[in-house]
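# Structural overview for review
Letter by letter, the chains look like this.
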Number of protein chains: 2
Amino acid sequence: MTVHKIGIIGLGKITEDQHLPVIAANPAFDLVAVSSQRGIKVDGARTFRAPADMYEAMPELDVVAVCTPPQVRHAIAREALAAGKHVLLEKPPAATISELDDLAAFAAAQGRVLFTTWHSQYNAAVAHARDLLAHHSVKRLAITWKEDVRRWHPGQKWIWTAGGFGVFDPGINALSILTEIMPTPVFVRSAELTFPENCDAPIAASLAFATNGPHDSLTAEFDWRQTGPQTWDIVIETDEGTELRLANGGARLEVNGELDVERKPAEYEDIYHRFAQLLRDNRSLVDSAPLRLVADSFLIGRRLTTEPFHE
Amino acid sequence: MTVHKIGIIGLGKITEDQHLPVIAANPAFDLVAVSSQRGIKVDGARTFRAPADMYEAMPELDVVAVCTPPQVRHAIAREALAAGKHVLLEKPPAATISELDDLAAFAAAQGRVLFTTWHSQYNAAVAHARDLLAHHSVKRLAITWKEDVRRWHPGQKWIWTAGGFGVFDPGINALSILTEIMPTPVFVRSAELTFPENCDAPIAASLAFATNGPHDSLTAEFDWRQTGPQTWDIVIETDEGTELRLANGGARLEVNGELDVERKPAEYEDIYHRFAQLLRDNRSLVDSAPLRLVADSFLIGRRLTTEPFHE
């Protein structure tokens, strides 16, 4: 087995919680370096302030995982590809559609692997829902993604800035499941985005989708003002009357009220297994569909204003 | 020479002003039918209320031009491709990025030609600017697109609705020139969109762009509140100090203050010549870059509110 010498760029919460332990447990990867503006150190790896220094000092590095905030991912990923590295991108893979399309084209030109990860797609229940829907028409689909922003994003001021996505930061996880399980492309038909009057990103959104086939209604409700029980559910009714309920953010699937699949989430374990396969096959996996749906929602969405948000 | 039997779907102002006379003067096309919800008639062509009736009654029709409002273009173009027709799309080619990407994939699967037209790209001065910039770095670029909405869009309520694009309706013409003349991809780095407080689309926008290369500043100013002289200019300074001024919406090019190219616009003549070439080669031309920049501007743009707009 090839062991890839990997570097991580950006050492925030998701890196500490997921990437570091998952890489340590995967024999296909050997973490040899990290690039951290704040100079954070990781046992067994060299630390660099800038990716360019890392590439110069450690030419044996062949893979990087980019876990910085999305605003700087495009420049960092371009620099990595230019240096001949294969690249894994945390979600969302770039700040804009144009940036992501540029990265896909550049990776192809460089002959390097580019892997856009959408962690919510890596769930056994999601894969099973996709397989069940492959041979059915979806008649009705309702996404309900309601959580308490104060609980999950304390102190994260950037999520309220323009380009910070607001409630689409969790909402894009639901959209990544939607595009994964639907057997045909999905389009945003209309959208209402609710902005707190003191914020530049929405706190809630209502979306209506269309497909190229017939259907009754396909909708999503995102809300960051949900206290008490939190909801990350997708309920689907097929044309034959079967009801699928994907609950807990894609970790549990019920079919007609009966438990079908429930697995302790192992999203990042699956992501790094897939990455090892892609590297072996020298094949990129660039999935821009979730980011496109967000951009389309902002493009055609009507803006409503609500009371100011204070943490 | 093959003569293509063409049908036009949607008989609004741009069809009357441009498509009808230009098709009549181009021997590669024979206008045999029109599809008009309002039942508008055109000499020498049969009129149908719905495209499906047109396809059924006239199987010899091989090409359609879709000139409806953008909100319905995706469904109409899909229906045409499914019926085996080659398709020309007026600008903007679809309401969302997801819709346009779906049309490109479907046209390829159907083996039919899809042609996204951006009329401002079809100017001798634009082509010459592109050729001049092919071997230079752009140091500074400033788009100024300022016109009087009351003069150019009287009574068009749909442009003020969500998804109606607002000032990006003319602005996307500037963006289509930008992506055509720039030798490398362009990204939106930041955007400010100014909405009248009674409208769901912006009346003005300020954009800042980035490229993968070094540059000083790349900007665009769109404004629909310009009375008096109207401005549709792009001024470019190269790293060698050459100044290009594309004026009058791309019809005139000055280089270092000297007139270089000026031609009476023949945008739609050139569009239909290109379409005939694409049909001959059975080759699609799908340019999504201008629409992507608009979607990206809405995605990362900060929203400002200004006084209500009343026509």
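Residues numbered from 1 in each chain as written. Chains lettered and ligands numbered in written order. Predicted model: local features only at pLDDT ≥ 70, side-chain atom pairs only at ≥ 80, totals over all residues. Heavy atoms only, no water.

In the annotation of an unreviewed UniProt entry, the entry for chain A reads D-galactose 1-dehydrogenase, and the organism field reads Bauldia litoralis.

Our focus in this paragraph is the overall build of chain A. Regarding its fold elements, chain A presents 9 helices and 15 strands. Rg of the C-alpha trace for chain A: 20 Å, near the compact-globule value of 19 Å for 311 residues, within the 12% margin. Considering only C-alpha atoms, chain A reaches an extent of 55 × 45 × 35 Å along its principal axes. Taking all 311 residues of chain A together, 55% fall into the buried category. Across chain A, contacts joining residues at least 24 apart in sequence account for 69% of those joining residues at least 6 apart. About 12800 Å² of surface is accessible on chain A, with carbon and sulfur atoms providing 48% of the total. (Helix = DSSP H or I, 4+ residues; strand = E, 2+ residues; numbered from the N terminus. Rg over C-alpha atoms; globule rule 2.2 N^0.38 Å. Buried < 20%, exposed > 50% of the residue type's maximum accessible area, 1.4 Å probe, protein only. Contact = heavy atoms within 4.5 Å. Areas by Shrake-Rupley, 256 points an atom, 1.4 Å probe, with all protein chains shown as cover.)

Here the UniProt-annotated "domain: Gfo/Idh/MocA-like oxidoreductase N-terminal" (unreviewed entry) positions come out as residues 5–115 of chain A. Secondary structure across residues 5–115 of chain A comprises 40% helix and 23% strand; the distance between its end C-alpha atoms is 16 Å. (UniProt positions renumbered as here; feature names shortened; annotations may be inferred.)

In this section: the side chain of R78(B). Inspection of the secondary structure assignment puts R78(B) in helix α3 (residues 73–82). There is a polar contact of 2.9 Å between the side chain of R78(B) and the side chain of D102(B). Leaving out residues up to four positions away in the same chain, R78(B) has contacts with N212(A), D102(B), L103(B) and F106(B). (Polar contact = N/O pair within 3.5 Å; in protein donor to acceptor, adjacent residues only side chain to side chain.)

The subject of this paragraph is the pairing of strand β1 (residues 4–9) of chain A. Residue and element names in this part refer to chain A. Counting buried positions along β1 gives 5 out of 6 residues, so the element sits mostly inside the fold. Relative to strand β2 (residues 29–35), β1 runs parallel, the two being bridged by 6 bridges. Directly across from I6, in β2, lies its bridge partner L31. Traced from β1 through helix α1 (residues 13–25) to β2, the parallel crossover comes out right-handed. Here β1 runs beside strand β4 (residues 63–66); their pairing, made up of 4 bridges, is parallel. Within the sheet, the bridge partner assigned to G7 lies in β4 and is V64. (Pairing = 2+ DSSP bridges. Right-handed = clockwise from strand over helix to strand, strands pointing away.)

Moving on, we get to the nonpolar core. Counting residues in each nonpolar core, the largest one holds 110 residues, and the members touching the most others are F168(A), F222(A), F168(B) and F222(B). In this structure F168(B) touches L175(B), L193(B), P202(B), A205(B), L207(B), F222(B), V294(B), S297(B) and F298(B), once residues within four positions along its chain are discounted. (Core = buried A, V, L, I, M, F, W, Y, C linked by side-chain atoms within 4.5 Å.)

Moving on, we come to the interface of chain A and chain B. Contact with chain A, which involves 32 residues of that partner, is made by 31 residues of chain B. Together chain A and chain B conceal approximately 2700 Å² of surface at their shared face, both sides included; 58% is due to carbon and sulfur atoms. Three residues, S98(A), L299(A) and R303(A), lead the burial of chain A against chain B; their summed loss comes to 22% of the area buried on that side. In this structure, E99(A) engages R189(B) in a salt bridge whose closest nitrogen and oxygen atoms are separated by 3.1 Å. Linking chain A with chain B are 12 residue pairs in polar contact (both at pLDDT 80 or more), by the criterion used here. Where the side of chain A that touches chain B is concerned, the elements lending two or more residues are α3 (73–82), α4 (97–110), β8 (187–196), α9 (289–300) and β15 (302–306) of chain A. Grouping the amino acids of the side of chain A that touches chain B by side-chain chemistry returns 15 nonpolar, 7 polar and 10 charged. (Buried area = accessible area lost by both parts, 1.4 Å probe. Salt bridge = Lys/Arg side-chain N within 4 Å of Asp/Glu carboxyl O. Nonpolar A, V, L, I, M, F, W, Y, C, P; charged D, E, K, R; others polar.)

Tallied over the full model, the rule gives 35 salt bridges over all chains. A salt bridge links R140(B) to D216(B); the nearest nitrogen and oxygen atoms lie 3.5 Å apart. Placement of R140(B) in strand β7 (residues 138–146) and of D216(B) in the loop between β9 (204–210) and β10 (217–223) is noted, with a sequence separation of 76 residues between them. R140(B) gets classed as partly exposed once you look at its relative accessible area, which sits at 35%. Put simply, D223(B) and R225(B) hold a salt bridge, and the shortest N to O gap is 2.9 Å. Of the residues examined, D223(B) reaches a relative accessible area of 15% and is grouped as buried. Counted as one network, the salt bridges with shared partners bring together K139(A), R140(A), D216(A) and E237(A).

This part covers the domain arrangement of chain A. All names here are of chain A. Per the domain assignment, the segments of chain A are domain 1 (4–116) and domain 2 (121–262 + 295–306). Centre-to-centre, using C-alpha coordinates, domain 1 lies 28 Å away from domain 2. Facing the 6 residues of domain 1 at the interface are 8 residues of domain 2. Each partner contributes to the roughly 550 Å² buried at the junction of domain 1 and domain 2, and carbon and sulfur atoms together form 58% of this total. (Domains from an automatic or database assignment.)

All names here are of chain B. Two elements in contact, helix α7 (residues 168–181) and helix α9 (residues 289–300), have axes whose closest approach is 8 Å; the angle formed by their N-to-C orientations is 125 degrees. In this view, α7 runs oblique relative to α9, as classed from their interaxial angle. Seen along the crossing, α7 lies across α9 with a hand that is right-handed. Contacts between α7 and α9 involve F168, I172, L175, S176, L178 and T179 on the former and, on the latter, A289, P290, L291, L293, V294, S297 and F298. (Axes fitted to C-alpha atoms, helices over the stretch in contact; angles between N-to-C directions. Parallel < 35°, antiparallel > 145°, perpendicular 65-115°, else oblique. Left-handed = near helix turned anticlockwise from the far one by under 90°.)

We now examine the environment of R189(B). Within the element layout of this structure, R189(B) appears in strand β8 (residues 187–196). For the pair R189(B) and A251(B), spaced 62 residues apart in the sequence, the C-alpha separation amounts to 28 Å. Each residue touching R189(B), except ones within four places of it in the same chain, is listed here: Q71(A), E99(A), A208(B), F209(B), A210(B) and I300(B). A polar side-chain atom of R189(B) sits 3.1 Å from a polar atom in the side chain of E99(A).

The next point concerns the pairing of strand β5 (residues 86–89) of chain B. All names here are of chain B. The side-chain alternation of β5 yields two buried faces, one formed by H86 and L88 and the other by V87 and L89. Inspection of the sheet shows strand β4 (residues 63–66) paired to β5 by 4 bridges, in the parallel sense. Across the sheet, residue A65 finds its bridge partner in β5, namely L88. After leaving β4, the chain enters α3 and then returns to the sheet as β5, a path that is right-handed. Both β5 and strand β6 (residues 114–116) contribute to a ladder of 3 bridges, which runs parallel. Among the inter-strand pairings, L89 is bridged to a residue of β6, identified as T116.

Residues and elements named next belong to chain B. Read across the open sheet, the 9 strands follow the order β14-β13-β12-β11-β7-β10-β9-β8-β15; overall the sheet is mixed. Only two strands of the sheet have a single partner each, and these edge strands are β14 (258–262) and β15 (302–306). Going across the sheet, the axis of each strand differs from the next one's by a mean of 15 degrees, ignoring polarity. Judged from the 7 bridges that link them, β8 and β9 form a sheet pairing that is antiparallel. Across the sheet, the residue bridging to L193 is A205, located in β9. Each of β7, β8, β9, β10, β11 (231–238) and β12 (243–247) is contacted by α7, which is oriented at about 155 degrees to β7, the strand it contacts most.

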